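Spelled out from the first residue to the last, the chains are:
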Amino acid sequence: MKTKKLSKIEFKHQRVLIVWAAIICLYGFIFYYVPLVGWLMAFQNYKPVLGVFKSEFIGLDKFKLLFEDESFIRVIRNTFAMGIINLVCTFVMAILFAILLNEIKTKGSKKVVQTISYLPHFLSWIIVTGILHDALSGSGIINELLMNFHIISKPIDFFAHEGYFWPIVAFANVWKETGWNAIIYLAAITSIDPSLYEAAAIDGAGRWAKIKHVTLPGIKPTIMILLLMNVGNILNAGFEIQYLLGNGLVQKVSQTIDIYVLKWGISQADYSLGTAAGIFKSVVSIGLILVFNNIAKRHGEERLF
């Protein structure tokens, strides 16, 4: 009887939280799970007139067509390559930036640097690509500097060579997201017990030794969790920047799965093929998370589940 009374009292005290939790769960179910019914299109010769439940069922034919398409194989390569490059560059730079920022002892300077580093995150990709176009154009500042320092004799058309495209995308992602991504690492660093740094200083540790033996081990759990989460986003290599910077000359290296889905699912009105490509992307992402989470579990590291 007492436990029942206690549970009723707890429910009364927490009913607002329970109601909001129910609303959020309902929202998630409606907008995240109900739309999964649309995955049926990948196994149908989908016709908008007939709808999802009346279109002809064709099994795995659309998936076979996908993997017989050389352009889709090339798109997978591009997506994986840019995803891995972006992951490595943005992940490493965010950690380095957080550590360096933590080493700034002047609060005023630290706040100024933090604020400036956050700003690019709030710029749209249209603005970022516009800046890149201006900076890397034939008369842009990059070509001007390279020519003034006699590194090159004539301007380089960066957007006409396939070899420059992936580094440009990686640089844009690093510039735009490093400051924002560093926030969580800074929070993890501030949670490290200051007495550990004091003990290290007493033992004669310098700044680099403190970073190596105190800071990095202190944020290691955070690094592992974020790494596992970001591994699942490898195939989310991007859409806007590749679509905006891409052109006919670099098409072979610029197209990603998202652009492929747009091309076939919307432009060509082949919704079944576009859905099949989207399902492939989702399944691979889930598989990557499961594999790397299992590897972390075997090695006794922090994991998602």
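Notes on the structure in this doc start here. Computed from a predicted structure; not experimentally measured.

1. Here we look at the nonpolar core
Among soluble globular proteins, nonpolar side chains are generally buried collectively.
In step 1: Formed by 39 residues in total, the largest nonpolar core has its most connected members in Leu66, Phe72, Phe91, Ile95, Tyr185, Ile219 and Tyr260.
In step 2: For this core, the secondary structure elements donating two or more residues are α2 (61-68), α3 (70-102), α7 (162-190), α8 (194-202), α9 (207-231), α12 (257-267) and α13 (271-298).
In step 3: The leading source of residues in this core is α3, at ten residues.
In step 4: If near-sequence neighbours (up to four positions away) are discounted, Tyr260 is found in contact with Leu66, Asp69, Ser71, Phe72, Val75, Gly265, Leu273 and Ala277.
In step 5: Ranked by size, the runner-up nonpolar core spans 18 residues in total, among them Leu136, Ile152, Phe165 and Ile241.

2. Thoughts on the layout of surface pockets
In step 1: Computed from the structure, the largest pocket encloses a volume of approximately 550 Å³.
In step 2: Along the walls of the largest pocket sit 19 residues, with Thr90, Glu177, Asn181, Asn230 and Asn233 positioned nearest its centre.
In step 3: In terms of residue count, α3 provides more of the lining of the largest pocket than any other element does, six residues in total.
In step 4: Of the residues that constitute the lining of the largest pocket, the class distribution is ten nonpolar, eight polar and one charged.
In step 5: Within this model, the second largest pocket holds a volume of roughly 310 Å³.
In step 6: Lining of the second largest pocket is provided by 14 residues; of these, Asn102, Glu103, Lys105, Ile189 and Tyr197 occupy positions nearest its centre.

3. As for a nonpolar patch on the surface
In step 1: On the surface, a nonpolar cluster with roughly 1,100 Å² of combined accessible area is contributed by Leu26, Tyr27, Phe29, Ile30, Phe31, Tyr32, Tyr33, Val34, Leu36 and Trp39.
In step 2: For Ile30, the location among the structural elements is in helix α1 (residues 2-33).
In step 3: Judged by its relative accessible area of 40%, Ile30 falls in the partly exposed class.

4. A few points about the environment of Trp39
In step 1: When you line up the elements, Trp39 lands in the loop between α1 and β1 (44-45).
In step 2: For Trp39, a relative accessible area of 35% translates into the label partly exposed.
In step 3: As a C-alpha pair, Trp39 and Gly278 span 239 residues in sequence and 8.9 Å in three-dimensional space.
In step 4: Apart from the residues lying within four places of it in its own chain, the contact partners of Trp39 are Thr275, Ile279 and Ser282.

5. Quick notes on the environment of Ile168
In step 1: Counting through the fold element by element, Ile168 comes out in helix α7.
In step 2: Here Ile168 falls in the buried class, since its relative accessible area comes to 8%.
In step 3: With 26 residues separating them in the primary sequence, Ile168 and Ile142 have C-alpha atoms 12 Å apart.
In step 4: Those residues in contact with Ile168 that lie beyond four places of it in its chain are Leu132, Leu136, Phe158, Phe159 and Leu245.

Cut-offs applied
Residues numbered from 1 in each chain as written. Predicted model: local features only at pLDDT ≥ 70, side-chain atom pairs only at ≥ 80, totals over all residues. Heavy atoms only, no water. Core = buried A, V, L, I, M, F, W, Y, C linked by side-chain atoms within 4.5 Å. Buried < 20%, exposed > 50% of the residue type's maximum accessible area, 1.4 Å probe, protein only. Helix = DSSP H or I, 4+ residues; strand = E, 2+ residues; numbered from the N terminus. Contact = heavy atoms within 4.5 Å. 1 Å grid on protein atoms, 1.4 Å probe; cavity = no way out; pocket = protein on both sides within 12 Å on 5 of 7 lines; lining within 4 Å. Points joined across faces, edges and corners; volume = space filled by probe spheres on them. Nonpolar A, V, L, I, M, F, W, Y, C, P; charged D, E, K, R; others polar. Patch = residues over 30% accessible without salt bridge, like charges linked within 9 Å, V, L, I, M, F, W, Y side chains within 5 Å. Areas by Shrake-Rupley, 256 points an atom, 1.4 Å probe, with all protein chains shown as cover. Salt bridge = Lys/Arg side-chain N within 4 Å of Asp/Glu carboxyl O.

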